[in-house]
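Here is how the chains run, residue by residue.
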Amino acid sequence: MTGTLYGVGLGPGDPELMTVKAARLIGAADVIAYHAARHGRSIARSIAAHHMRDGQIEELLQYPLTTETTDHPGGYQGALDDFYADCAARLAAHLDAGRDVVVLCEGDPLFYGSYMHMHKRLAQRYPAEVVPGVTSIAGASAVLGRPLVERDETLTVLPGTLPAGVLAEKLRGTDSAAVLKLGRTFEKVRDALAEAGRLDEAWYVERATTDAQRVAPLKDVDPGQVPYFSLALIPSPAQLTFVPETTGRTGSGEVAVVGLGPAGRPWLTPEAQEVIAGATDLVGYGPYVDRVAPNPRQTRHRTDNRVEAERARHALDLALAGARVAVVSSGDPGVFAMASAVLEAAADPRYADVPVRVVPGLTAAQAVASRAGAPLGHDYCVLSLSDQLKPWEVVAGRISAAARADLVLAIYNPASKTRTWQVAAARDLLLEHRDPATPVVVGRDVGGARESVTVTTLGDLDPAAIDMRCLLIIGSSTTRVVERAGRTTVYTPRRYPV
């Protein structure tokens, strides 16, 4: 038994314009899939969110590009075709496992809808059902309060991407029209309306049925203020053509070392979300892997924190076999994390053809600094107190050098169950060059449930209060502490005294 594929229309934006059937299917589905641009925010998901439930699997289908150029050998369309094929493969994995998949789509799924690209690739292989939605044209007509057509009139639906001459010719030969996909095409569409002698009749409707909707005579609209989700009241029916089934993987294996940021999903970048969503395998230290929402389509490889080299080679071996591997790290993978371990392992000639890329993340130092104010506002040094991979003499020398240079210090890995004396030793080294009143920020579990941020001084720093969950920011001679609106704020001025 396979799952059923549902293309669910959500209407033009107002969640109350969603059909009862659409709401029921969204609530019952095993998997909810939705498209988004590179920023990672999905309008479709925001419309449907009220009907979604805990425990559902989410598949973010994030476009690799929108209007950008690409070096893909097949050009813009080739890049999109590969993207759609990959998305279809991801959804097929759920359908093969017997899970019902709902693909969310603004407006109507088969009317300029993103869903149709999945339908063309999957509907001939699996049970599929399309749930119609209110189109943007119907929504625009409703908020404008004017009928589209009556009696024997004809309605022509046109994309604004057509050449100006074609637009003008079609606009001249119809009773009423709707032109979609404005945005960058707006000035061309306006000129075509003028050439056809229809400009005075045309209305502009933006984000119909939402709180941000706008209605105006089209001739009065500023071209610089026109988003993609707008139309001139004038669209084109969608043709359904099936794409033959393809077999095998859509692309070769790769390793992406992904920064998860310091805590939960709000700290995760859209790029990191996209890479994780497209991965077949997740590799990482157990607690970091656990921060990624489970997806039964993906294989999770949890390891101990002390086997970085083995973890890196495992990820590369998986990629050699064709897997798309996301090696996850807390914070930024290039800051005391997995990026260097993977690249070091990848220097082995047998991995020469395995692509490795690093996806940055928000660092713990940046997170703690943001909670305190701007203590990293001038030159600063980042170092680790751990002597597991370098001798303490090297750590001590670097602390003294940074202190002499009057740099702010962001100190990672200050203490652990087996390392209990380094914080006191580092404090004493710093006091050889710094005033005891130097500000110190102690951030613990920033972004987590037990977050705390304490501002103290170097002289009052209590080493016994510091553990592995902490990050320390030691100020320079110019770092200041002020009270603002009942809150202690720490900052380091951009100017350095001369």
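Residues numbered from 1 in each chain as written. Predicted model: local features only at pLDDT ≥ 70, side-chain atom pairs only at ≥ 80, totals over all residues. Heavy atoms only, no water.

## Thoughts on the overall build of the protein chain
1) Next: A count of helical and extended segments in the protein chain gives 14 helices and 23 strands.
2) Next: The dimensions of the protein chain, computed from C-alpha atoms along their principal axes, are 90 × 55 × 40 Å.
3) Next: In the protein chain, buried positions account for 49% of the 498 residues.
4) Next: As displayed, the protein chain has an accessible area near 24000 Å², and 51% of this comes from carbon and sulfur atoms.
5) Next: Put simply, the protein chain has 51 plus and 57 minus side-chain charges, and the middle of one group is 2 Å from the middle of the other. (Helix = DSSP H or I, 4+ residues; strand = E, 2+ residues; numbered from the N terminus. Buried < 20%, exposed > 50% of the residue type's maximum accessible area, 1.4 Å probe, protein only. Areas by Shrake-Rupley, 256 points an atom, 1.4 Å probe, with all protein chains shown as cover. Lys, Arg positive; Asp, Glu negative; His and termini not counted. Charge placed at Lys NZ, Arg CZ, Asp CG, Glu CD.)

## Brief notes about the environment of glutamine 298
1) Next: Of note, glutamine 298 is situated in the loop between α9 (286–289) and β13 (299–303).
2) Next: Overall, the relative accessible area of 9% leaves glutamine 298 in the buried class.
3) Next: Taking C-alpha positions, glutamine 298 is 9.2 Å from glycine 278, a pair spaced 20 residues apart along the chain.
4) Next: In contact with glutamine 298, not counting residues within four places along its chain, are Ile276, Ala277, Ala279, Thr280 and Leu282.
5) Next: Side-chain polar atoms of glutamine 298 contact the backbone oxygen of alanine 279, separated by 3.0 Å. (Contact = heavy atoms within 4.5 Å. Polar contact = N/O pair within 3.5 Å; in protein donor to acceptor, adjacent residues only side chain to side chain.)

## Comments concerning the nonpolar core
1) Next: Within the largest apolar cluster, 24 residues are counted, with the highest numbers of intra-cluster contacts made by Leu385, Ile399, Leu472 and Ile474.
2) Next: Considering every element that reaches this core, the biggest residue donor is helix α13 (residues 392–404), with six residues.
3) Next: Here isoleucine 399 is in contact with Leu383, Leu385, Trp392, Ala426, Leu429 and Leu430, once residues within four sequence places are set aside.
4) Next: Of all hydrophobic cores here, the second largest spans 23 residues; its members include Tyr84, Val101, Cys105 and Tyr115. (Core = buried A, V, L, I, M, F, W, Y, C linked by side-chain atoms within 4.5 Å.)

## Focus: the pattern of salt bridges
1) Next: Per the stated rule, a full pass over the model turns up 22 salt bridges.
2) Next: Two residues, arginine 90 and glutamate 59, come together in a salt bridge whose shortest N-O distance is 2.8 Å. Residue arginine 90 is located in helix α3 (residues 75–96), and its partner glutamate 59 is located in strand β3 (residues 57–62); the two are separated by 31 residues in the primary sequence. You'll find arginine 90 and glutamate 59 in the same group, each marked buried.
3) Next: One salt bridge connects aspartate 290 with arginine 302, and the closest N-O pair in it is separated by 2.9 Å. A residue pair is termed long-range when its members are at least 10 positions apart, and aspartate 290 in the loop between α9 and β13 and arginine 302 in strand β13 qualify at twelve residues.
4) Next: Using a relative accessible area of 45% as the deciding quantity, one classes aspartate 290 as partly exposed. (Salt bridge = Lys/Arg side-chain N within 4 Å of Asp/Glu carboxyl O.)

## Comments concerning a nonpolar patch on the surface
1) Next: Where nonpolar side chains cluster on the molecular surface, the patch consists of Ile43, Tyr228 and Phe229 and spans about 310 Å² of accessible area.
2) Next: With respect to the helices, strands and loops of the structure, isoleucine 43 is situated in helix α2 (residues 43–48).
3) Next: A relative accessible area of 39% means that isoleucine 43 is categorised as partly exposed. (Patch = residues over 30% accessible without salt bridge, like charges linked within 9 Å, V, L, I, M, F, W, Y side chains within 5 Å.)

## Notes on the packing of α13 against helix α14 (residues 422–431)
1) Next: The interhelical angle for the contact between α13 and α14, taken along N-to-C directions, is 35 degrees, at an axis separation of 9 Å. You can see that α13 and α14 cross each other, and the crossing is right-handed. Contact residues: Trp392, Ala396, Ile399, Ser400 and Ala403 in α13; Gln422, Ala425, Ala426, Leu429 and Leu430 in α14. (Axes fitted to C-alpha atoms, helices over the stretch in contact; angles between N-to-C directions. Left-handed = near helix turned anticlockwise from the far one by under 90°.)

## Comments concerning the confidence of the model for the protein chain
1) Next: A residue-level look at the protein chain finds 96% of positions with pLDDT of 70 or above and a mean pLDDT of 91.
2) Next: Scored below 50 in pLDDT, residues 235–242 shows 26 contacts in the model against residues more than four places distant or in partner chains. (pLDDT = per-residue confidence, 0-100.)

## Side note on the sheet that holds strand β17 (residues 380–384)
1) Next: In space, the five strands of this open sheet follow the order β17-β18-β21-β19-β20, with mixed pairing throughout. Sheet topology places β17 and β20 (452–457) at the edges, where each strand pairs with a single neighbour. Each strand of the sheet is rotated relative to its neighbour by a mean of 20 degrees, with strand direction disregarded.
2) Next: By the bridge criterion, five bridges tie β17 to strand β18 (residues 408–412) in an arrangement that is parallel. Within β18, the residue paired with tyrosine 380 across the bridge is valine 408.
3) Next: Relative to strand β21 (residues 470–474), helix α12 (residues 364–372) is tilted by about 65 degrees, and along the sheet it contacts β18, β19 (439–444), β20 and β21. (Pairing = 2+ DSSP bridges.)

## Thoughts on the sheet that holds strand β4 (residues 101–105)
1) Next: On the basis of which strands lie adjacent, the open sheet formed by five strands has the order β3-β2-β4-β1-β5 and parallel pairing. Here the strands that pair on one side only, and so sit at the sheet edges, are β3 and β5 (128–131). The sheet shows a mean angle of 20 degrees between the axes of neighbouring strands, direction not considered.
2) Next: Two strands pair when backbone bridges link them, and strand β1 (residues 5–9) and β5 are joined in this way by four bridges, in the parallel orientation.

## Topic: a negative patch on the surface
1) Next: Taken together, the side chains of Glu150, Asp152, Glu153 and Asp175 define an acidic patch exposed on the protein surface.
2) Next: Relative to the elements of secondary structure, aspartate 175 occurs in the loop between α6 (164–172) and β7 (176–180).

## Structural notes on the packing of aromatic side chains
A ring pair, where both rings are aromatic, is described by two values, the distance of the centres and the angle of the planes.
1) Next: Applying the stated criterion across every chain yields a total of nine aromatic pairs.
2) Next: Here the aromatic rings of phenylalanine 83 and tyrosine 84 are separated by 5.5 Å at their centres, their planes lie at 50 degrees, and the arrangement is tilted. For the pair phenylalanine 83 and tyrosine 84, one class covers both residues: buried.
3) Next: Note on tyrosine 228 and phenylalanine 229: the rings are 5.5 Å apart at their centroids and 90 degrees apart in plane angle, and the pair reads as edge-to-face.
4) Next: The class of tyrosine 228 is exposed, set by a relative accessible area of 51%.
5) Next: Relative accessible area serves as the criterion here: at 42%, phenylalanine 229 is assigned to the partly exposed category. (Phe/Tyr/Trp six-rings, centres within 6.5 Å; stacked < 30°, edge-to-face > 60°.)

## A closer look at the pairing of strand β8 (residues 203–206)
1) Next: Of the pairings in the sheet, the one linking β8 to strand β9 (residues 214–217) comprises four bridges and is antiparallel in character. Bridged to tyrosine 204 within β9 is alanine 216.
2) Next: Note that β8 and strand β10 (residues 230–232) share three bridges and pair antiparallel. Within β10, the position partnered with tyrosine 204 by the bridge is alanine 232.

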